[in-house]
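So you can see what is in the structure, the chains are spelled out below.
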Amino acid sequence: MAQKAAPKAVMRAARRAALVTGGAQGIGLATARLLAGRGYEVAIADLDAEAGRESGFFFVRCDVSKEPSVRACAGAVRKRLGRLDALVNNAGIADPVSGPVEKLSLADWNRRIAVGLTGAFLMTKHCAAHLRSSRGAIVNVASTRALQSEPDTEAYAATKGGLVALTHALAISLGPQVRVNCVSPGWIDVSAWKKSKNRKSIRHSKADHLQHPAGRIGRPQDVAELVAFLLGEEAGFITGQNFVVDGGMTRKMIYV
Ligand code: NAD
């Protein structure tokens, strides 16, 4: 017997909803697009209004390091989407180099930690009730720099190391209703995923690609695929973990 079609309102309410911070450009934008392609209703929170408007997604201008801004964003997203199943804490100051530690200002240190680490705490705090009620999931975007370093990257490394630890703490506190995982990308070329006036296509050298055991530099979609998997039901037995997506670079012996 033919099934009666569900009323439109019911179908809409049943669609899974995701919020991606820093979703206007780069890895966040690639993740937002992939999730939308897999049937999520997607909202993005970003500081850059120009990029946010260009993205085509429901966009909330938000500084993730400021609690009133985060509180308002979480409320606006919930109101617009009606539910929240997935949170991707991706916003961060992407340039890892902050200069020699002797010259690193406290203001610069604090700003990097505020955006990359405190931002994930604040957004999680204000989305937790909605995620609990939908039995949702969180993915935090850290970096291989949580695990290894080059000089003059103290604030970035500390931010990302903090995110890995925050991930397992949240997984224990928010479980079993909410799973929380972390992804740690290596070198991902985001130059083609910027707002239009900054977008470019960089040709990397053969050596840059081939130093990776996987044979190439990463693409934003490489990270997005992993994030989407971790948010989905197929990852239902995975929580509190950090997953490296770096083409194998952190598995390479590099002694000179
Ligand atoms: P990106 O600069 O292309 O995008 C970051 C987005 O975050 C931008 O749209 C920016 O406006 C937004 N943003 C910055 N500060 C914000 C704030 N206070 N509140 C809200 N939004 C803010 O960077 P990306 O390369 O796509 O990096 C995304 C995440 O991935 C970052 O956390 C970065 O540390 C991490 N990551 C990137 C790489 C890489 O090679 N690209 C490697 C490892 C980790």
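That block above? That's the structure.
Residues numbered from 1 in each chain as written. Predicted model: local features only at pLDDT ≥ 70, side-chain atom pairs only at ≥ 80, totals over all residues. Heavy atoms only, no water.

(A) Inspection of helix α5 (residues 106–134) at higher detail. A rise of 1.5 Å per residue sets the reference length of α5, with its 29 residues, at 42 Å; its end C-alpha atoms lie 39 Å apart and thus fit the reference within 8%. Count one or two residues on from α5 and you reach Arg-135, which has phi positive near 50°. (Helix = DSSP H or I, 4+ residues; strand = E, 2+ residues; numbered from the N terminus. Expected span 1.5 Å × (residues − 1).)

(B) Main features of the layout of surface pockets. Looking at the largest pocket, its volume works out to about 1400 Å³. Taken together, 44 residues form the lining of the largest pocket, with Ala-94, Asp-95, Pro-96, Tyr-156 and Gly-186 sitting closest to its centre. Broken down by secondary-structure element, the contributors of at least two residues to the lining of the largest pocket are α2 (26–37), β2 (41–46), α5 and α6 (154–174). Here the lining of the largest pocket gets 3 residues from one element, more than from any other, and that element is α2. (1 Å grid on protein atoms, 1.4 Å probe; cavity = no way out; pocket = protein on both sides within 12 Å on 5 of 7 lines; lining within 4 Å. Points joined across faces, edges and corners; volume = space filled by probe spheres on them.)

(C) Broad picture of the sheet that holds strand β6 (residues 179–185). Taken in spatial order, the 7 strands of this open sheet run β3-β2-β1-β4-β5-β6-β7, and their pairing is parallel. Two strands bound the open sheet, and with one partner strand each, they are β3 (58–61) and β7 (242–245). Between one strand and the next, the sheet's axes are offset by a mean angle of 20°, whatever the strand orientation. For strand β5 (residues 137–141) and β6, the ladder comprises 5 bridges, and the chain directions are parallel. (Pairing = 2+ DSSP bridges. Axes fitted to C-alpha atoms, helices over the stretch in contact; angles between N-to-C directions.)

(D) Representation of the side chain of His-212. With respect to the helices and strands, the residue His-212 is situated in the loop between α7 (206–210) and α8 (220–231). Residue classification places His-212 among the buried positions, given a relative accessible area of 3%. Ignoring sequence-local partners within four residues, the contact set of His-212 consists of Trp-187, Ile-217, Asp-246, Gly-247 and Met-249. (Buried < 20%, exposed > 50% of the residue type's maximum accessible area, 1.4 Å probe, protein only. Contact = heavy atoms within 4.5 Å.)

(E) Seen up close, the pattern of salt bridges. Per the stated rule, a full pass over the model turns up 12 salt bridges. The closest approach of N and O atoms between Lys-197 and Glu-50, which form a salt bridge, is 3.2 Å. With a gap of 147 residues between them, Lys-197 in the loop between β6 and α7 and Glu-50 in helix α3 (residues 49–55) connect regions that are remote in the sequence. Residue class for Lys-197 comes out exposed when judged on its relative accessible area of 59%. Residue Glu-50 is classed as partly exposed on the basis of its relative accessible area, which comes to 32%. The partner of Asp-85 in a salt bridge is Arg-83, with the nearest N and O atoms 2.6 Å apart. Salt bridges sharing partners connect three or more residues here, namely Asp-48, Glu-50, Lys-195 and Lys-197. (Salt bridge = Lys/Arg side-chain N within 4 Å of Asp/Glu carboxyl O.)

(F) Region of interest: the site of the ligand. Near the ligand, the surroundings consist of 27 residues, among which Ile-27, Asp-46, Asn-90, Tyr-156 and Lys-194 are the closest. Note that an oxygen atom of the ligand is positioned 3.3 Å from one of the backbone N or O atoms of Gly-186. Relative to its free-state accessible area of 820 Å², the ligand is covered by the protein chains to the extent of 90%. Its atoms largely coinciding with the cavity grid, the ligand occupies the largest pocket. At the level of elements, α2, α5 and α6 are the ones that each hand at least two residues to the shell around the ligand. (Near = heavy atom within 4 Å. Polar contact = N/O pair within 3.5 Å; in protein donor to acceptor, adjacent residues only side chain to side chain. Areas by Shrake-Rupley, 256 points an atom, 1.4 Å probe, with all protein chains shown as cover. Sits in = over half its atoms within 2 Å of the grid points.)

In short, shape yes, function no, at least from these values alone.
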